[in-house]
Amino acid sequence: MWQDISRLAEAYGDRAILDLFAADSARFEHFSVSADGLLFDFSKTNICAETREALLALCTAADLPAKREAMFGGAKINETEGRAVLHTALRNLSAQPVEVDGADVMPGVLATLERMQQFSDAVRAGDFEGQGGRITDVVNIGIGGSDLGPAMAEIALQPFADGPRCHFVSNVDGAHIHDALRGLDPTRTLVIVASKTFTTIETMTNARTAWDWMAEKVSDPGAQFAALSSNQEKTAEWGIDTSRVFGFEDWVGGRYSMWGPIGLAVMIAIGAEAFREFLKGGEAMDSHFRSAPLQDNLPVLLALVGIWHNQGLGYATRAVLPYEQRLARLPAYLQQMEMESNGKRVAMDGSDLQIHSGPVVWGEPGTNGQHAFYQLIHQGTRVVPCEFMVGIEGHEPELAHQHDLLIANCLAQSEALLRGRSLDEATEIMAAKGLEGAELERQARHRVFPGNRPSTTLVYPKLTPFVLGQIVALYEHRVFVEGVILGINSYDQWGVELGKELAVKLSPILSGEEGTEGKDGSTAGLVAVIRAAR
């Protein structure tokens, strides 16, 4: 099947997208799909009916439908760790049974959700207090999936945030927690420590700093700590009562975990009802993903567009460009989700991949990006497929005129990438300014846009908890589909381990307790410079 993709890429890779529109007056209808209020438009790519069929054939060849049901059914599709992959169970509000090793996990999932709600309600209502009064601030300490997801969602859902203020700390750089705690009242602050094992070095280092900060003002810091962890022995050592410990199973990967206890800070910020709407949005996308035909399936088509651009046409990166300021952290969240999941070099059986794996994912909200890196996207020598997303309506009716300008910019950028500007057009513009001869040609060439640069657009009604749930689940399933087609395990992350192991070994070397024997010349030299400067 990959031979067909290569053949089509060679035949059609440079085809003009505008010619496809000229040949099919209904191209937009033929190359866009809707589900539950979302519309995904991929007509501004050079995918045609033949290409789409070849891409869909990849799904059949990879046995995608069966593997999809295996995931939802609790099979241990994370083969290198022998684990199921069931973040979808965390948003299974219908409570349909999901079995792992013969046991239904849903009673436990729903019981934990209920406990989260009870604690969240108590904090928000003032029934759970700090040792100086009502909780005014929540500090969530985590890293990776224990930080990026809830930090992104809390910003995205600010119009619904009517609870305590939330602050997120992840970096072991002391500046991060110092700045987060500055100005907070330790007697009225709740600290949430998010670490499944309660041993993650960055998280626990920051947690100890928060503990010491709180201990200066309160007699019992543990009474103002909550833990998102499955290690109750460790949490007990910190004096955290079991009523404030929320565990989750090993079938929930970190970067897919904010649907459960890792989302506690978000629940406290927006309330349990709005948080359940977030879960309902994810559940709705799950239902669509499982039931819609492949050719009308949003996650499948989003994945196939990515496969075509990356593995087919060789475009090594893709830009995620939300025209929604409150989605400022979404590109970073998706960067982790996609690059940690599909940044692999071996297939499930351990053999070397014969094709490239996942692309580099990056981005920034529009319109900020337009005044930063869009220059390269429009006129650079490399093609960067763009994934635009925009809401039809904002949350500020008095500023509707600004939202219209935002939408106009989003649509204009995708149109500009498609159309470009020819040398003749640029020459006519500059001639109208009075330029002539060699200078006219020189200036005109600087104003040429090659165009024919692909983009997709995701349109949603309004950024609500439900819609955010849809969007996050859409991209989660996109990662799954791409991983299945590539034949890799999207749910382990061994690539993060080596650096962590070496960091532990370097700490005593930096402090002078051990020497640099066995280290490469560069590392040994850097250690010497740092030691000498202290």
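Located above this text is the structure these notes cover.
Conventions adopted
Residues numbered from 1 in each chain as written. Predicted model: local features only at pLDDT ≥ 70, side-chain atom pairs only at ≥ 80, totals over all residues. Heavy atoms only, no water. Core = buried A, V, L, I, M, F, W, Y, C linked by side-chain atoms within 4.5 Å. Buried < 20%, exposed > 50% of the residue type's maximum accessible area, 1.4 Å probe, protein only. Helix = DSSP H or I, 4+ residues; strand = E, 2+ residues; numbered from the N terminus. Contact = heavy atoms within 4.5 Å. 1 Å grid on protein atoms, 1.4 Å probe; cavity = no way out; pocket = protein on both sides within 12 Å on 5 of 7 lines; lining within 4 Å. Points joined across faces, edges and corners; volume = space filled by probe spheres on them. Nonpolar A, V, L, I, M, F, W, Y, C, P; charged D, E, K, R; others polar. Phe/Tyr/Trp six-rings, centres within 6.5 Å; stacked < 30°, edge-to-face > 60°. Lys NZ or Arg CZ within 6 Å of the ring centre and 35° of its normal.

> Lay out the nonpolar core in plain terms, naming residues and giving numbers.
If you look at the biggest cluster of nonpolar residues, it comprises 113 residues, and the most contacted ones within it are Leu190, Trp251 and Leu468. At 13 residues, helix H19 (residues 465-486) tops the list of elements feeding residues into this core. Ignoring any residue separated from it by four or fewer positions in sequence, one finds Trp251 in contact with Ala84, Val85, Leu86, His87, Ala89, Leu90, Val100, Val105 and Val109. With 22 residues, the next largest nonpolar core counts Ile177, Leu184, Phe225 and Trp238 among its residues.

> An account of empty space enclosed by the protein is needed here, citing residue identities and associated values.
In total, this model carries 3 cavities of 30 Å³ or more according to the counting rule given. Around the largest cavity, the lining is made up of 13 residues, and of these Gly306, His309, Arg318, Pro385 and Glu387 lie nearest the centre. Where the lining of the largest cavity is concerned, the elements lending two or more residues are helix H13 (298-312), strand S11 (317-323) and strand S13 (386-391). Its residues assigned to classes, the lining of the largest cavity shows 5 nonpolar, 5 polar and 3 charged. Roughly 50 Å³ of internal volume is contained in the second largest cavity. Residue composition of the lining of the second largest cavity, by class: 7 nonpolar, 2 polar and 1 charged.

> Go over the packing of aromatic side chains with me, naming the residues and quoting the values.
Enumeration over the complete set of coordinates arrives at 16 aromatic pairs. Relative to Trp238, the ring of Phe198 has its centre 5.9 Å away and its plane inclined at 85 degrees; by these criteria the two rings are edge-to-face. Taken together, the residues Phe198 in the loop between strand S9 (189-194) and helix H9 (201-215) and Trp238 in the loop between helix H10 (232-237) and helix H11 (264-270) connect sequence positions 40 residues apart. Phe198 gets classed as buried once you look at its relative accessible area, which sits at 3%. Given a relative accessible area of 11%, Trp238 falls into the buried group. Here the aromatic residues Phe198, Trp211, Phe225 and Trp238 are joined through ring pairs into a cluster of three or more. A cation over a ring is seen here: Arg27 above Phe21, with NZ or CZ 5.5 Å from the ring centre. The ring of Phe31 is capped by Arg52, whose NZ or CZ atom sits 4.2 Å from the centre of that ring.

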